[in-house]
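Given next are the chains, with one letter for each unit.
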Amino acid sequence: VQLQASGGGLVQAGGSLRLSCAASARTDQTYALGWYRQAPGKEREFVAAITWSGTRTDYADSMKGRFTISRGDDRNLMYLQMDSLKPEDTAVYYCAAPEIGNNLGYKPGEYNYWGQGTLVTVSN
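Everything numeric in this text was worked out from a predicted model, so none of it was measured.

### Looking at the state of the cysteines
A covalent bond bridging the sulfur atoms of two cysteines is what the word disulfide describes.
Part 1 of the reasoning: The full count for this structure, using the stated rule, is 1 disulfide.
Part 2 of the reasoning: For Cys-21, the disulfide goes to Cys-95, at an S-S distance of 2.3 Å. On the S-S bond that ties Cys-21 to Cys-95, the torsion sits near 75 degrees, and the link is right-handed. With Cys-21 in strand E3 (residues 17-23) and Cys-95 in strand E9 (residues 91-97), the pair connects residues that are 74 residues apart, well separated along the chain. For the pair Cys-21 and Cys-95, one class covers both residues: buried.

### Brief notes about the nonpolar core
Part 1 of the reasoning: Core analysis: the largest hydrophobic core is formed by 35 residues, its most contacted members being Trp-35, Phe-67, Leu-80, Met-82 and Tyr-93.
Part 2 of the reasoning: Where this core is concerned, the elements lending two or more residues are strand E1 (3-6), E3, strand E4 (33-38), strand E5 (45-50), strand E7 (67-71), strand E8 (77-82), E9 and strand E11 (118-123).
Part 3 of the reasoning: Filtering out sequence-adjacent residues up to four positions away, Phe-67 remains in contact with Arg-37, Val-47, Tyr-59, Leu-80, Gln-81, Met-82, Asp-83, Leu-85, Asp-89 and Tyr-93.

### A word on the pattern of salt bridges
Part 1 of the reasoning: Counted by the stated rule, this structure contains 4 salt bridges.
Part 2 of the reasoning: Among the salt bridges present, the one from Lys-64 reaches Asp-61, with a minimum N-O distance of 3.4 Å.
Part 3 of the reasoning: Judged by its relative accessible area of 65%, Asp-61 falls in the exposed class.
Part 4 of the reasoning: Across the salt bridge formed by Asp-89 and Arg-66, the nearest N and O atoms sit 2.7 Å from each other.

### A word on the sheet that holds E3
Part 1 of the reasoning: One open sheet accounts for 4 strands, arranged E1-E3-E8-E7; its pairing is antiparallel. Strands with a single pairing partner mark the edges of an open sheet, and in this sheet they are E1 and E7. For this sheet the average axis-to-axis angle between neighbouring strands, irrespective of direction, equals 15 degrees.
Part 2 of the reasoning: As defined by bridge partners, E1 adjoins E3 across 4 bridges and the pair is classed as antiparallel.

Reading guide: rules and limits
Residues numbered from 1 in each chain as written. Predicted model: local features only at pLDDT ≥ 70, side-chain atom pairs only at ≥ 80, totals over all residues. Heavy atoms only, no water. Disulfide = S-S within 2.5 Å. Helix = DSSP H or I, 4+ residues; strand = E, 2+ residues; numbered from the N terminus. Buried < 20%, exposed > 50% of the residue type's maximum accessible area, 1.4 Å probe, protein only. Core = buried A, V, L, I, M, F, W, Y, C linked by side-chain atoms within 4.5 Å. Contact = heavy atoms within 4.5 Å. Salt bridge = Lys/Arg side-chain N within 4 Å of Asp/Glu carboxyl O. Pairing = 2+ DSSP bridges. Axes fitted to C-alpha atoms, helices over the stretch in contact; angles between N-to-C directions.

Structure follows, in structure tokens:
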């Protein structure tokens, strides 16, 4: 399984960005996807997760109300709409997929495949 994250960039505080993740297609499987981020000198942290149909989602507390996770009509596509960005949101953002399973995952160990990451920089 290959994952490709894109959409990062430089934005001013209060601005918005939309990240995309494209996963290689898998036959006969439905699976959840997740977003993580890692800031310099910090551990990788959970951002959001979504099930195959998109009917169940969850977010880290600090992202609730500002970030929105979604999947495309092509379920192998996932998005993260980030609004009201803050300098502390600066990080490399990764999309992740499990080997199997459609449960929301919160721990990095629950995911087997990771994209290369896309850098988001929020300036004051």
